[in-house]
Amino acid sequence: MSASEAAKTPDKPVYENDRYWTQRLEREFTLAGVGHAGVGLAFNRWAYKVRRRVLLRALRELKVPISGARILELGFGTGYYLDLWREQNVGQVVGFDITEIAVNAARERFGNGATTSWRFNKADIGAKLDLGDAEGKCDVATAFDVLFHLVEDQNWNGALDNITRALKPGGHAIIFDKYQQIENAISHVRRRTLNTYRDALTKRGFEILTVRPIFFLMNSPTDLRGVGKFAFKTSWSLVKTPYKLGKHVGIGEMLGSAMGAGLYVPELMLSKMFLNGPSTKLLIARKK
């Protein structure tokens, strides 16, 4: 069964990337709109702080230079990482997103082309992108929590080809995904295995430098079995409960924030202590 067939149900249309994300971001152009839908904005803000800290730690430990770098960002959404790159004094960002709302917001906040070295365009990141003078010149190419939304292999491979075309020799690809042991797919998500990524990146001339966990408690655990599956699934259900109960009486965001704040430090500690985890991970690969 193909990914598109797996995504069909008798009551739902086939997942369409453009329509899905346009509708979702038009409803809520915040981290809750691009993050986990079931925990609210305040919790997602804490979860993104975890992503940020783990990413900066990995860049520092691997000595990946960011200041002055030219960066390709695929699927920048609400621009969370664009803010990070500006704080890190990158030299140039070339960004592509499938929604006009994201592109227009990025252009308004960061400029575009004629007024700045940052450039943003609407495009399907799974199709061949017009990289312009950035082709073969980028120091870093990123895909943060977006490639698992490319459910068709053709589009997923197309995105990896765009990353490969953008990077110069010695450049780094940074990808967030779950890198599971067993692949699965539902609706707008297809979780590929680490071996699938390794084979695809190796074929394109990359060396994987690190794969490290980001979340243990603050995002949905997948690809688990036995006692671990029960423990992490139960934990994730408990993490979501305060927001779910509280939103009915107007205190969901307050309770979600409290839960996120309470898990922030433990999450960072766990990501330092363990080499693997049950949820989202960070992969950094270098183009040879």
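So, here is what we can say about the structure in this document. (Residues numbered from 1 in each chain as written. Predicted model: local features only at pLDDT ≥ 70, side-chain atom pairs only at ≥ 80, totals over all residues. Heavy atoms only, no water.)

A look at the pattern of salt bridges
As enumerated under the stated definition, the model contains 15 salt bridges in all. As a salt-bridge pair, R212 and E61 come within 2.8 Å of each other at their nearest N and O atoms. Placement of R212 in strand β8 (residues 206–213) and of E61 in helix α4 (residues 40–61) is noted, with a sequence separation of 151 residues between them. A salt bridge links D161 to R204, with the shortest nitrogen-to-oxygen separation between them at 2.8 Å. One end of the pair, D161, is in helix α7 (residues 153–166); the other, R204, is in the loop between α8 (194–203) and β8, and 43 residues separate them in sequence. Residue D161 is classed as partly exposed on the basis of its relative accessible area, which comes to 35%. Here R204 falls in the buried class, since its relative accessible area comes to 14%. Several salt bridges converge on common partners, so that one network encompasses D153, E183, R190 and R192. (Salt bridge = Lys/Arg side-chain N within 4 Å of Asp/Glu carboxyl O. Helix = DSSP H or I, 4+ residues; strand = E, 2+ residues; numbered from the N terminus. Buried < 20%, exposed > 50% of the residue type's maximum accessible area, 1.4 Å probe, protein only.)

Examining the environment of R204
Considering only alpha carbons, one finds R204 and L160, 44 residues apart in sequence, at a separation of 8.4 Å. Here R204 is in contact with N157, L160, D161 and T164, once residues within four sequence places are set aside. (Contact = heavy atoms within 4.5 Å.)

Some thoughts on the sheet that holds strand β4 (residues 138–144)
Across the sheet, seven strands lie side by side as β3-β2-β1-β4-β5-β9-β8; this open sheet has mixed pairing. With partners counted over all chains shown, the strands left at the sheet margins are β3 (119–122) and β8, one partner each. Each strand axis lies, on average, 15 degrees off the axis of its neighbour in the sheet, ignoring direction. Examined bridge by bridge, β4 and strand β5 (residues 167–177) share six bridges and lie parallel to one another. Counterpart to T142 in the pairing with β5 is I174. Together, β1 (70–74), β2 (92–97), β3, β4 and β5 form the strand contacts of helix α5 (residues 80–87), whose direction differs from that of β1 by roughly 170 degrees. (Pairing = 2+ DSSP bridges. Axes fitted to C-alpha atoms, helices over the stretch in contact; angles between N-to-C directions.)

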